[in-house]
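So you can see what is in the structure, the chains are spelled out below.
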Amino acid sequence: MTLSIWRYSHLALAVSSFVFIVIASVTGIILAVEPVSEQLKPFAIPEAQEISVGETVAVLQNKYDEVLWVEVDHNDFVSASVITEEGTSETFYINPITGEKVGELIEQHPIFSFATNVHRSLFLKSTGRFIVGLVSFLLFLIAVTGVILIIKRQGSVKRFFSKISKESFNQHYHVYFGRLFLIPIIILTVTGVYLSLEKFSLLPEYKITHDVDYDTIAETPVREVIVFPAFQNSPLTDLKRLEFPFSPDPEDYYIAKFSNKEVLVNQFTGEVLSEYEYPVVAWASSWSMALHTGRGSILWSVILLIACFSILFFIYSGFAMTLRRRKKTGAFKNKYTKDKSEYIILVGSETGNTFDFARQFQQALLQTGKKVYVSELNTYTTYKKARQLFVFTATYGQGEAPANATNFLKLLEKKKQDHPVHFSVVGFGSLAYEDYCQFAIDVDKTLQQHPNFHQELPIYKINNQDATDFEHWAIRWATQHNLHLQLEPLDTDKKIATQHNFTVINRTELNKDDTFILQLRPSKKQVFESGDLLEVIPPNERIARLYSIAEVAGDIVLSIKRHEYGACSSYFSSCKVGDNVKGIISKNESFHLPEQAQHVLLIANGTGIAPFLGMIATHAATKEINLFWGGKTQESFDLYASYLEETNLKTKQLAYSQEGNKQYVQDRLAEQKEMVAKLLQQKAMIMICGSIAMQKEVLSVLEKILIEYKMEVTINDLEQQGLLAMDCY
């Protein structure tokens, strides 16, 4: 069964029943308050947990002329119906130890009575009860399909409760609360269905029967009720109701209803005349009522209360996500038809988020005068004038295609292009999942095998929908075609935060790699640390660029490589000491060096060393820090040497790709695998900063080390445990 069926089933069930689910949830919220309000009444006697039924019966018989019955409710409140010395009949709550009256019986508040009737039958009697039972079943199916969808998106059952990848508010908390309140909601629905079936007599019925031989009932020896075995050995908390004999005739007896059985007891001798143990169906009915209503437990009532609120949130967030997804996938207005367009963008998206990037890229191409056509991967066909094919696709579940891309690979075999087409694949995913961008990888490999498709750029993977990563890819592609693309911000309604002034304190000369260091000092005191980001919008531009920063003695230190078409890097390279730069410091807490980390492994290439310069300066004296860095030559590293001269680094491993052994940082890492393995065993904090390509290779080396040294953890486990942080571009 395909993923889309589960998604559509989930949505169809919600649409068909949401009105009744809203009613049930709202009334459920009200009714969840009732058990709490009852439990707060001062009628429970803690010491009653330790006394027997016989002790309470003896006390009541000594205190009142006649006792009709005693009852222990779900709140452990003990009530009794008695005839007082004045001859009046009264029913009230009692202290089972003294027999004293402690309060009048609780009468249900009108709002609870109203909510109960609505919740049970919608004021429609049997018809309403049927509807409520059906809605409970539908809600159960919604929960089940929801579980399947979460398993799909998380990649496997074992990752059900793993970290959720970066999503919008509605998407994130729809999954988060869905996992959190799954069990209470399942319990609510199953017990709701059970109680409805019980009301319609669709469950096995039982009838309490007793076989009493009235001719053999003895009147001697007469015993005190307190020593009746049936009462003496039964805690009061096990009793539900005890009916006293109506007369002193032998044929009248005590009828004791316990939680698991009903017992008839001789009023003179205490002999058990008959005993009936309740069947499983009675036990199930009792527990269903308790679990469905929360009666007798403040904690469970509060859980049910929050669960009902969560159901309302699921309805809101679910429909909000659906409308948002449909708006995104259906909002494309192509200026050119598929057969007139030279640039074809095909999108694979489960949530609709990938369409935002497609729309952004489409508009940038249109502004340069290009003819562009955008559609879904499942609409793939022939394109008469296509020169470039762009595939922007997410991956769902365990490397599967998104719902709107499930037929793409089959269509690729059937629909043959009659002229050469260059292609580029951009994969969107999360490194938190094992099958990171797997469907994009499959698409890229398949396109490479087709004779009329020629790869323009290697597959590019974007973690957690990072807009800056996408911009890097777009600039890289545009550079090859001598185009200047102006990407509009994804969120045009986003308010621009107040920018601050920073003064240039120092700027080094460009080295042979066109790299330099820029030192900035905030004009006003600001709180930041190494690993945070400086957001700068260069002159005559609208798109902000992000730079990972080092905090050194209160200043910001940036490592920047000037790119020929890099608007921001060119702007920074023209800055002089004393110039002012406007920007915003953005917190990047996921890339801070944890205070508790004692062993640290820092891995970077090129300008990715920037945040590590600050971390080393701040923490090298108190932490064991190991640095691996890769660059082109010794001169490449000389740019940073002054920041590391007086630091107490445990290890400094350098790799140069254009001199000496000509190796990359991942090669150096592999050479030092024994040291790296030891750090992994010590649960060292691993931080990676630099290019995406380097990140991929480094992760591959780390994975091999984990396997070779038989460590029972994976890269994903390290990330989940907070022992691996990455900030790559």
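Just above, that's the structure.
Residues numbered from 1 in each chain as written. Predicted model: local features only at pLDDT ≥ 70, side-chain atom pairs only at ≥ 80, totals over all residues. Heavy atoms only, no water.

A. Focus on the sheet that holds strand β26 (residues 724-728). On the basis of which strands lie adjacent, the open sheet formed by five strands has the order β24-β23-β22-β25-β26 and parallel pairing. Because the sheet does not close on itself, it has two edges, and the strands there are β24 (651-656) and β26. The average angle at which neighbouring strand axes cross in this sheet is 10°, direction not considered. Across six bridges, strand β23 (residues 624-631) lies against β24 in parallel orientation. Within the sheet, the bridge partner assigned to G630 lies in β24 and is A655. Sheet strands in contact with helix α16 (residues 634-644) are β23 and β24, and its direction is about 160° off that of β24. Where helix α19 (residues 692-708) meets the sheet, it contacts β22 (599-605), β25 (685-690) and β26, and its direction lies at approximately 150° from that of β25. (Pairing = 2+ DSSP bridges. Helix = DSSP H or I, 4+ residues; strand = E, 2+ residues; numbered from the N terminus. Axes fitted to C-alpha atoms, helices over the stretch in contact; angles between N-to-C directions. Contact = heavy atoms within 4.5 Å.)

B. Region of the structure containing the packing of aromatic side chains. Throughout the structure, instances matching the rule amount to 46 aromatic pairs. Ring plane angle 55° and centroid distance 6.2 Å describe the contact between Y64 and F92, whose orientation is recorded as tilted. Placement of the pair is Y64 in the loop between α2 (53-63) and β1 (66-72) and F92 in strand β3 (residues 89-94), with a sequence separation of 28 residues. Of the residues examined, Y64 reaches a relative accessible area of 11% and is grouped as buried. In this structure an aromatic cluster arises from ring pairing among Y343, F357, F361, F390, F392, F428, F470, W473 and W477. Stacked on the ring of W69, the Lys or Arg R241 has its end atom at 4.6 Å from the ring centre. Here the guanidinium or amino end of R507 rests over the ring plane of F516, the centre of that ring lying 5.5 Å away. (Phe/Tyr/Trp six-rings, centres within 6.5 Å; stacked < 30°, edge-to-face > 60°. Buried < 20%, exposed > 50% of the residue type's maximum accessible area, 1.4 Å probe, protein only. Lys NZ or Arg CZ within 6 Å of the ring centre and 35° of its normal.)

C. Just unusual backbone geometry, in detail. Residues T220 and P221 are joined by a peptide bond in cis, for which omega reads -5°. In this structure, D76 is a non-glycine residue whose phi angle is positive, near 65°. When you line up the elements, D76 lands in the loop between β1 and β2 (78-83). One non-glycine residue, N464, lies in the positive phi region at around 55°. Tracing the chain through its elements places N464 in the loop between β14 (460-463) and α13 (467-480). Overall, N464 belongs to the partly exposed group, its relative accessible area being 24%.

Everything listed is a geometric property; what it means functionally is a separate question.
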